[in-house]
Every structure is written in C-alpha cells, then in structure tokens.
Amino acid sequence: MSYIEPAPIKDKENPLESMMQRFDKAVDLLGISEEMYHILKVPRKQVIVGLPVTMDSGEIKTFEGYRVIHSTILGPSKGGIRFDPDVNLDEVRALAAWMTWKCAVVDIPYGGAKGGVACNPREMSAGEMERLMRAYTTALLDVFGPDQDIPAPDMGTGPREMAWLMDEYSKSKGMTVPAVVTGKPLVLGGSLGRTEATGRGVMVSALAGMEKLRINPYRATAAVQGFGNVGSYAALLLRERGVAIHAISDISGAYYNDKGIDVADAVAYRSSNNGSLEGYPGAEQIPGDDLLTLPVDVLVPAAKEDVITRKNVSGIQAKMIVEGANGPTSFKADDIINEKGIMVVPDILANAGGVTVSYFEWVQNRIGYKWTLERINRRTDRIMKDSFDKVYETSLKYKVSLRIAAYIVAIDKVSSTYKYRGGF
Ligand SMILES: NC(=O)C1=CN([C@@H]2O[C@H](COP(=O)(O)OP(=O)(O)OC[C@H]3O[C@@H](n4cnc5c(N)ncnc54)[C@H](O)[C@@H]3O)[C@@H](O)[C@H]2O)C=CC1
Ligand SMILES: O=C(O)CCC(=O)C(=O)O
C-alpha cells in the first residue's frame, strides 16, 4: 500500500464513503493501476484553520474552517465555500473530489477543491458573516490565487461573501484581483448568468433526460427539494420549459400544490419573508421528507447530501432524479434505484452549470472583457448537453448507470492527463 488509510468511517451515511464507493466501481471498470488509484484518491492538500471572530455581543467565538485541494492536474483547483453547521472535514474532502470529477466531466481546465466553515449563517448578522469570511480569507491567503485555487459560493454563501473574499485578498496583494474568486456581484467583475447557472444546468440536464425517457415536459411534473440558489432557479427554469412544479421545500418545510406552484410567486414570497418559504400561502404544507416520495416525473434534490437513502428509496415514485445538490443520494440507495429503473442524472453532471459559468467569469476577468448573457447561456447549454450525451453514450458502452458513466468519463480524463504529464 502506498498510502496510510485514515480511520474507517463508521457513520451510517457519509458523503466521502458514497464518493469512494462510486469511484472504486468506475476504477474497476476502467482498469487503472493501483498507483494511479492512490494518486487520484488522496487529496493534494487539506488545510484546517481556527478562526476567532468577534461576535456582535462582544464575545469572541472560534470557528473551524477547511479547504481541501483534491487535484490540480487539469488546472488551478476550483470549488465553492460552504457555511453550514454540519460542515466537517470528511464532507469537504468528498465535495473537493466531486469538484475534480465535475470539472473533468464538463471538460473545463480546472482541478477540484472545496472549502467550508462549521457555522450557522441563519443565526449570524451581516457583520458577523463579514468578519468570519474575512478571517477565513486571511487564513487561506497562501492557498487561494487566480492560478492556484479559485473559490466560489456554495450553501450558505453567495455574491456578498465572495465580494468580501475578493476585497480581503486584493488588499493583501496591494491590487485588485477579481479572478481570485467567482460568483462575485456583477459590479466587481461577476459574470452575467452565474447566479442562475447551476439551476439552468439542472434544467438542461433534466430536459436531456426527459428526451431519452420520452417524457413531454409540457405534461411532466416535478418536485424540488431546497429553494436556495440552485433549487429556486431549477424550479423557475423547469417551469418556463413547461414542467408543472408540484412541490418545493426549504429548511422550514415542504409546500405542495397538485395544480402546480407559481414558482415566481414563491420566489417573491421568499424574498419578502427573510429568505424563507415558511407560511407560503400558495401551497399546502406537508412534512419535508414527503416531498421525496411524491408521484411526480422528476425529482430534483437541491439542498444537501444523503437525503435519498436506503431508508426512503423504496418510496420514490419519480421516473428521474436530477441531482442539483452534491451527493444527495447515498451509495446505499444506488442498487435499489437501478432496480426500480429510475434514471439518475448525477450531481457531477447535473449541477456542473455553476462551475462552467464560474470558468467563464474567470476567463472574462483575465481578458478584461464582458460577454453577453446570450453568449454565456448558449455556451453553457451546449457544454451541458454535450456532456450529458457523452455520459449517456458511456453508460451504453459500459452498461452502467449514468452516475458510474460520469465517473468513468472523469477518471479517464484525469488519469490520462497524469499519464501524459508524468513527473510524479
Ligand atoms: N450554488 C451553486 O452554484 C452550486 C451549489 N451546488 C450544491 O447545491 C446544493 C444547494 O446549494 P445552494 O442552492 O447554493 O445553497 P443555498 O444555501 O442557496 O440553499 C440551500 C437550500 O436548501 C434548503 N435546505 C437546507 N436543508 C434542507 C432540508 N433538510 N430540507 C429541505 N431544504 C433544505 C435551505 O433552506 C435552502 O433553501 C448544495 O449541495 C451545493 O453544494 C452545486 C453546484 C453549484
Ligand atoms: O462555481 C464554482 O466554482 C464551484 C461551484 C461548486 O462549489 C460546485 O459546483 O459544487
């Protein structure tokens, strides 16, 4: 063995274990060497930082933050920053590896990384969030850089936090460095289309899958779990393409209307209600987990990982699952999903629209020019559709699910790059 294994994972569901199970399956089918297996498996860098932050009360609270660089073989590492109470090192390691595979699936010149801080943004003021984000940036000044490691938003962070990161990093360099981070506000060099990009990619993937299953979008129904950046845009854009959205949800609960939810109205309600769907009057409130087992054509989990598990998978009635979130399906549910004949458009394909437009943002920052929204959407849609087709063809060739096919496409690309570059 060329690597000392970390302690075994004992949790019931663990995203790192789910990532590794699928990775192992794809590696077996591709037949790569044991040396290459470990090169691909072990993250290049894992940083843990302690972040003392003065809270509004005057108390100093110390948070733990992470940044894991999984791979830089295809280019600078890329991946979002998550602020959530459940953030931990294993989760960030899984998310970082998924970024490597995702960038390889859509063929953009980035490696994979992810960051996170264990904190609860819902209980923090804007000032506390700003101090925390600046502390996190300062602690990682040596890691970040436009040619090294380029962060972006993830759960609990958005353009506002990316602006603070860009400002803190730029001050340390004595010049404005917009390309150090993507997902910025437009005035700071953000890209048109980035905010809706992940949801848009989910919509393109869902339509590509529906075409294969001969589902007419104008007669189709969907349920979307999570109504943040990814879920709300996925719901809006699917609705625009004719799909009736029967249920949406957020941390406050799930909301069901069998006549179809007016998604734009739900977005407006959320904006006027402190970012929450709580009390949404356009639908009936149902228990959060019930959304996953509704009789709809398309299920879009767009909240967090391990929501579809061995325990609830048998109740799923959807014909397709389009994974807006990273890792929403535990590997323990894969076999049952396959037995039931449900098509899963996996996370590393379905939610890659976000990092694709992040790449366009970085390119625009570097050439000092702004592209039109029309150009960005056209290119993103083409990348998403071509990537879907490539994964679909691979699934037919290897006789595997779209998920394992996506890992095969990604691992093949990354391992071939290592073979050409050599110099281990
Ligand atoms: N923002 C982006 O560009 C990308 C995000 N993703 C993934 O998409 C997922 C969602 O990310 P964002 O939309 O950015 O986060 P967000 O913070 O904007 O929204 C998260 C949403 O999920 C809801 N939520 C949290 N726990 C829930 C639960 N137990 N049940 C139902 N809803 C719950 C929240 O209330 C909120 O509506 C994450 O897995 C993230 O890693 C993936 C690719 C890119
Ligand atoms: O936009 C990016 O660079 C990364 C987004 C992200 O974190 C993800 O795709 O999971």
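Quick caveat, the model's predicted, so the values are computed rather than measured.

Undergrad: Report on the domain arrangement of the chain, specifying residues and quantitative values.
TA: Accessible area lost during the coming together of the parts is what is often quoted as the interface size. Assigned domains of the chain: these are domain 1 (45–177) and domain 2 (186–424). Across the contact, 35 residues belong to domain 1 and 33 residues belong to domain 2. Together, the buried faces of domain 1 and domain 2 total about 2800 Å²; carbon and sulfur atoms form 67% of this surface. Where domain 1 touches domain 2, the interface holds five salt bridges. Residues Asp107 and Lys413 are paired through a salt bridge, measuring 2.3 Å at the closest nitrogen-oxygen approach.

Undergrad: Summarise the site of ligand 1; cite the residues concerned and give the values.
TA: Taken together, 23 residues lie near ligand 1, and Arg82, Asp154, Thr198, Val230 and Asn326 sit nearest. Here an oxygen atom of ligand 1 and a backbone polar atom of Gly228 are 3.2 Å apart. At 3.3 Å, a backbone N or O of Ala303 approaches an oxygen atom of ligand 1. The fraction of the free accessible surface of ligand 1 (830 Å²) that becomes covered by protein chains is 84%. Of all the elements in the fold, those that place two or more residues in the shell around ligand 1 are helix H6 (194–213), helix H7 (229–240) and strand E7 (244–250).

Undergrad: Please provide a residue-by-residue account of the environment of Lys78, values included.
TA: Position of Lys78 among the secondary structure elements: in strand E3 (residues 77–84). Reaching out from Lys78, the side chain makes a polar contact with the backbone oxygen of Pro151 at a distance of 3.2 Å.

Undergrad: Would you mind going over the site of ligand 2 in detail, with residue names and values included?
TA: In the vicinity of ligand 2 there are 15 residues, among which Lys78, Gly80, Lys102, Lys114 and Ser358 approach most closely. In this structure, Lys78 approaches ligand 2 through a side-chain N or O atom, which is 2.7 Å from an oxygen atom. In this structure, Gly80 approaches ligand 2 through a main-chain N or O atom, which is 2.9 Å from an oxygen atom. Here ligand 2 loses 95% of its free accessible area of 290 Å² to cover by the protein chains. Those elements that place two or more of their residues in the shell around ligand 2 are E3, helix H3 (89–105), strand E5 (149–153) and helix H11 (353–367).

Undergrad: Run through the pairing of strand E2 (residues 60–71), naming residues and quoting values.
TA: With ten bridges joining them, strand E1 (residues 45–54) and E2 adopt antiparallel strand pairing. By the bridge assignment for E2, Lys45 is matched with Ile69. Hairpin connection between E1 and E2: a loop of five residues separates the two successive antiparallel strands, and Gly58 in this loop has a positive phi of roughly 100°. Summarising the sheet, E2 and strand E4 (residues 111–118) pair through six bridges and their orientation is antiparallel. For Arg67, the partnering residue across the bridge sits in E4 and is Gly115.

Undergrad: So what about the pairing of E7? Which residues, and what values?
TA: Along E7, seven of the seven residues are buried, which leaves the element largely enclosed by surrounding structure. In this structure, strand E6 (residues 221–225) lies alongside E7, joined through five bridges in parallel fashion. Pairing of Thr221 across the sheet is with Ala244, part of E7. A crossover links E6 with its parallel partner E7, the connecting element being H7, and its sense is right-handed. Sheet topology places E7 next to strand E8 (residues 253–256); four bridges connect them, and they run antiparallel. Note that in E8 the partner of Ala247 across the bridge is Tyr256. A loop of two residues connects E7 with E8, the two strands running antiparallel in sequence.

Undergrad: Tell me about the nonpolar core, and please be specific about residues and values.
TA: Of all hydrophobic cores here, the largest spans 90 residues; its most connected members are Met19, Phe23 and Trp101. It is helix H13 (residues 402–421) that provides the largest number of residues to this core, a total of eleven residues. Both of domain 1 (45–177) and domain 2 (186–424) provide at least three residues apiece to this core. In this structure, Val53, Met55, Ile69 and Met129 belong to the second largest nonpolar core, which totals 29 residues.

Undergrad: Run through the UniProt feature "site: Important for catalysis" (unreviewed entry) in the chain, naming residues and quoting values.
TA: What UniProt calls "site: Important for catalysis" (unreviewed entry) maps, in this numbering, to Asp154. Summarising the element assignment, Asp154 is placed in the loop between E5 and helix H5 (159–173). What Asp154 contacts, discounting residues up to four positions off in sequence, is Gly80, Ile81, Arg82, Lys114 and Asn326.

Undergrad: Explain the pattern of salt bridges residue by residue, including any values.
TA: For the structure shown, the criterion picks out 28 salt bridges. The partner of Lys171 in a salt bridge is Asp167, and the shortest N-O contact between them spans 3.3 Å. In this pair, Lys171 and Asp167 are both assigned in helix H5, four residues apart and thus about one turn of the helix distant. Overall, Lys171 belongs to the exposed group, its relative accessible area being 53%. Exposure remark for Asp167: the relative accessible area of 28% places this residue in the partly exposed category. Three or more residues joined by partner-sharing salt bridges are found here, namely Arg22, Glu323, Asp334, Asp347 and Arg403.

Undergrad: Run through the sheet that holds E6, naming residues and quoting values.
TA: Strand order in this open sheet of seven strands is E9-E8-E7-E6-E10-E11-E12, and the pairing throughout is mixed. Every interior strand has two partners, whereas the edge strands, strand E9 (284–286) and strand E12 (343–345), have only one. Geometrically, the sheet is characterised by an average inter-axis angle of 20° between neighbouring strands, direction not taken into account. Strand direction decides the pairing type here: E8 and E9, joined by three bridges, are antiparallel.

Undergrad: Summarise the sheet that holds E2; cite the residues concerned and give the values.
TA: Sheet architecture is open: five strands sit in the order E1-E2-E4-E3-E5, paired in mixed fashion. In the strand order of this sheet, the two ends are held by E1 and E5, each with one partner. Taking each pair of neighbouring strands and ignoring which way they run, the sheet shows an average axis angle of 25°.

Parameters at a glance
Residues numbered from 1 in each chain as written. Chains lettered and ligands numbered in written order. Predicted model: local features only at pLDDT ≥ 70, side-chain atom pairs only at ≥ 80, totals over all residues. Heavy atoms only, no water. Domains from an automatic or database assignment. Contact = heavy atoms within 4.5 Å. Buried area = accessible area lost by both parts, 1.4 Å probe. Salt bridge = Lys/Arg side-chain N within 4 Å of Asp/Glu carboxyl O. Near = heavy atom within 4 Å. Polar contact = N/O pair within 3.5 Å; in protein donor to acceptor, adjacent residues only side chain to side chain. Areas by Shrake-Rupley, 256 points an atom, 1.4 Å probe, with all protein chains shown as cover. Helix = DSSP H or I, 4+ residues; strand = E, 2+ residues; numbered from the N terminus. Pairing = 2+ DSSP bridges. Buried < 20%, exposed > 50% of the residue type's maximum accessible area, 1.4 Å probe, protein only. Right-handed = clockwise from strand over helix to strand, strands pointing away. Core = buried A, V, L, I, M, F, W, Y, C linked by side-chain atoms within 4.5 Å. UniProt positions renumbered as here; feature names shortened; annotations may be inferred. Axes fitted to C-alpha atoms, helices over the stretch in contact; angles between N-to-C directions.

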